[in-house]
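What the coordinates show
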There are 2 protein chains.
Amino acid sequence: MGDIRCTGFAAAGVACGIKKNGKRDLGLLACEKPAAVAGVFTRNRVKAAPVLLDLERVAAGRCRAVVVNAGNANCCTGQQGMRNARRMAACVAGELGMDETEVLVASTGVIGQQLPVARIEAAAPELARALDPCGFGRLAEAIMTTDTVPKLVWRRGEIGGKAFTIVGTAKGSGMICPDMATMLCFVCTDVDIAAADLRECLVQAVAPTLNAITVDGDTSTNDTTLVLASGLSGAAARKPEEVAVFRDLLQDLLAELARMLVRDAEGATKLIEVAVTGAADAAEARRVAYTIAHSPLVKTACFGQDANWGRIIAAAGRSGVNVDPQRMRILFDDVVLYARGGWTGAAAEAAATAVLQKPEFRLTVDLGRGAASAGVLTCDFSLDYVRINADYRS
Amino acid sequence: MGDIRCTGFAAAGVACGIKKNGKRDLGLLACEKPAAVAGVFTRNRVKAAPVLLDLERVAAGRCRAVVVNAGNANCCTGQQGMRNARRMAACVAGELGMDETEVLVASTGVIGQQLPVARIEAAAPELARALDPCGFGRLAEAIMTTDTVPKLVWRRGEIGGKAFTIVGTAKGSGMICPDMATMLCFVCTDVDIAAADLRECLVQAVAPTLNAITVDGDTSTNDTTLVLASGLSGAAARKPEEVAVFRDLLQDLLAELARMLVRDAEGATKLIEVAVTGAADAAEARRVAYTIAHSPLVKTACFGQDANWGRIIAAAGRSGVNVDPQRMRILFDDVVLYARGGWTGAAAEAAATAVLQKPEFRLTVDLGRGAASAGVLTCDFSLDYVRINADYRS
């Protein structure tokens, strides 16, 4: 992944001693000039210190760098936590000769312990020296917690005959039910775009991507997605149709990152797309889809490769939407296993069971009420999810 | 438990071959005269055939018997399912010389398979012969599915110097998040009470008991609670204060059954009372309590005996209630582990960890917003929950 570049940006990832296993835990993304910036953050009422700080700073629409640590969420840490978030930004600003308000911060890891900010300060010179236009892979590693693989993707696009690049990295494999973005996601691009347009593109692009995934229904306190635009590619997104080219590519990139997050979810053995069709409106489609995607009984059945459509229809029934079981249909990929009020038989069940043996499949629930639909990406609920989360802090 | 009696009632439990393991799977509760009856049922939009039939029949306020099978839920079984529910009632009515509309039915088990009603019809003569005033223990066994112990409790009360009895049995250890009652619960009493009063007592008594427990958030399609009153004790509940004596005792009995259900929940190793205090109103207290009680991260941490208060505060934060982390307090039994915006220290954490080693404990979240409170009983999320539910139908 060493050849990924995005004009104007450099990235780094080093180990500063926050993760107990000595792996990289401190990352940096920096721009050689003030970049346009947009961010979306958790809607959890309990917000971590770095989220509160970024909410203040991102309003300016400009920033130069983002510093991020893994292993400690700096959440529920009070005034000391806010001071530590500022110190984290200040030490990087000092190394790079920026104003500290031009530096955004992010943290992920355990909630409720004070951030060992002195370790970050001690590592700041090394972090700054490590900045590299080809350093995205190390940044992607530095933000991992229970993730088993780094997530780094890129896209190339063209506006007015001029090429531009988008590079994105994300982390998160538990406490995932973004109410706006997922755990941490950083995107940079060299397209030239106004901060207000960048924000609009981000808001539109996260809705069907990072905001339509769930691992366990637990919305994090630290969810942060930031996108920085250096403008140095020469490709400018000014007219609505130019902005749309960028937005579509950004959405495509975020969709791939979202899929990678769910595929690497804690303990997951299956990637499941829950599609609800035939709904009266999009809101009820989402409500049914999330109820199914969160159901421990549906998720454990998927882990057990059991085509237990009864649990799916029961989840739809308790969703609060006025579903009619006589009009519903349930499909495993293209296999109809429930229709016209009943089971479709042993042959269909055998085919559905075969679908469940695949690493990725779609569960479709057609409500037979209208034309609206919604999709949610989720995963199964495995023994390893319980093992990982029972032992997380020990 | 052979000495439990309730004047006018007899009960039975036999094996008819629906459960694969040959255990008792067909139960009967019968009254020697038409009893007053009240019932509350699942609010899941997908309702099993026996629930639909009982909803029709319970409106009369009178019944003579309840027949129940385990191993098959008779749900999503269409018109044939409704016919089978009626046949189940009719064969028992025939044996006992009752009108079939005087017989209620209940089923629990796998969703979506047709009920093998011929086995029930074949066993009906044996079932009727087995009726015994001391047969409640066998009824309690016959309704078990993944339950590991039968649940049978009783209370004795007095009105106007005359004694009366309440006997109740319940089953259910997964797909438990009653939106009105839990899986199946049958109560009989020999108090003399009008059907309308009986219904009012039941509605009031289930709210803080069977309606305040959750195992996995999955509201069943078959939830049914029935209470039958023979009136044969000589104790009459007519005046409001007499009705209140009965209602309080009924609530006390249902509270014990609710506790037994959660203690025997699938895979559970801990009984957890989630208490939310200091809420602005009862609705928001319930909302926060259920969000915590359903959080897979909180439940797996309890399984791992990890006093991870960060997950509790994060769950409260995503509940939709406008909580303020600066004003919240979190207690493990009497140990305050979070207050004034931060962790209370290592000594408190050690004490909270000791609390988590107990089989039963209370998690209290004080919101610091007002005077309302709510409590929910739940359990931890263990490896065995996943094992049980991954393999349920195989």
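Residues numbered from 1 in each chain as written. Chains lettered and ligands numbered in written order. Predicted model: local features only at pLDDT ≥ 70, side-chain atom pairs only at ≥ 80, totals over all residues.

1. Thoughts on the relation of the copies chain A and chain B
Here chain A sits on chain B after a turn of 180 degrees about the axis and a move of 0.0 Å along it, with an RMSD of 0.0 Å. One copy is carried onto the other by what is essentially a two-fold rotation axis. Every residue of chain A has its C-alpha some distance from the rotation axis, and the shortest such distance is that of A:Leu383, at 2.8 Å. The overlap is high: 100% of the interface residues of chain A also sit at the interface in chain B, so the same surface is used on both sides. (Least-squares fit on C-alpha atoms with pLDDT ≥ 70 in both. Contact = placed C-beta atoms within 7 Å.)

2. What about the sheet that holds strand 16 (residues 372-379) of chain B?
Residues and elements named next belong to chain B. Spatial ordering of the open sheet is given by 14-13-12-15-11-16, a layout of six strands whose pairing is mixed. Both edges of this open sheet fall to strand 14 (342-343) and strand 16, since each of them pairs with a single strand only. When strand 11 (residues 271-279) meets strand 16, the two strands line up antiparallel, connected through seven bridges. Each residue of the ladder has a partner; that of alanine 279, found in strand 16, is alanine 372. Each of strand 11 and strand 16 is contacted by helix 6 (residues 240-263), which is oriented at about 45 degrees to strand 16, the strand it contacts most. (Pairing = 2+ DSSP bridges. Helix = DSSP H or I, 4+ residues; strand = E, 2+ residues; numbered from the N terminus. Axes fitted to C-alpha atoms, helices over the stretch in contact; angles between N-to-C directions.)

3. Re the interface of chain A and chain B
With 52 residues of chain A in contact, the opposing surface of chain B contributes 52 residues. At the level of elements, helix 8 (296-303), helix 9 (309-317), strand 12 (342-343) and helix 11 (383-390) of chain A are the ones that each hand at least two residues to the side of chain A that touches chain B. Residue contributions to the side of chain A that touches chain B peak at six residues, all from helix 9 of chain A. Partitioned by chemical class, the residues of the side of chain A that touches chain B number 22 nonpolar, 21 polar and nine charged. (Nonpolar A, V, L, I, M, F, W, Y, C, P; charged D, E, K, R; others polar.)

4. What to know about the sheet that holds strand 9 (residues 271-279) of chain A
All names here are of chain A. Taken together, the six strands give an open sheet; going across it, the order is 12-11-10-13-9-14, and neighbouring strands pair in mixed fashion. With one partner strand each, in any of the chains shown, strand 12 and strand 14 (372-379) form the two edges of the open sheet. Its contacts with the sheet put helix 7 (residues 282-294) on strand 9, strand 13 (360-366) and strand 14, and the angle it makes with strand 14 is roughly 20 degrees.

5. With respect to the domain arrangement of chain A
All names here are of chain A. For chain A, the assigned domains read domain 1 (9-263) and domain 2 (271-390). Relative placement of domain 1 and domain 2: their C-alpha centres are 33 Å apart. Listed by partner, the interface residues are 11 residues for domain 1 and 11 residues for domain 2. Of the residues belonging to the side of domain 1 that touches domain 2, the class tally is five nonpolar, four polar and two charged. (Domains from an automatic or database assignment.)

6. As for helix 1 (residues 49-58) of chain B
The α-helix advances 3.6 residues per turn, and as a result positions three or four apart in sequence lie on the same side. Taken residue by residue, helix 1 of chain B has B:Ala49, B:Pro50, B:Val51, B:Leu53, B:Asp54 and B:Val58 as its buried positions. The elements touched by buried residues of helix 1 of chain B are strand 2 (26-41), helix 2 (78-96), strand 4 (103-110) and strand 9 (224-229) of chain B. (Buried ≥ 20, exposed ≤ 12 C-beta atoms within 10 Å, placed from the backbone.)

7. Focus on unusual backbone geometry
Residue and element names in this part refer to chain B. Its identity is not glycine, yet glutamine 305 carries a phi of approximately 55 degrees, on the positive side. Relative to the assigned elements, glutamine 305 resides in the loop between helix 8 (296-303) and helix 9 (309-317). By C-beta crowding, glutamine 305 is classed as partly exposed, having 19 other C-beta atoms within 10 Å. With phi around 50 degrees, arginine 340 is a residue other than glycine that occupies positive phi space. Here arginine 340 shows up in the loop between strand 13 (335-339) and strand 14.

8. Describing the environment of A:Tyr338
Residue and element names in this part refer to chain A. Assignment of secondary structure puts tyrosine 338 in strand 11 (residues 335-339). On the neighbour-count criterion, tyrosine 338 (25 C-beta atoms within 10 Å) is buried. Separated by 28 residues in sequence, tyrosine 338 and glycine 310 have C-alpha atoms that sit 9.0 Å apart.

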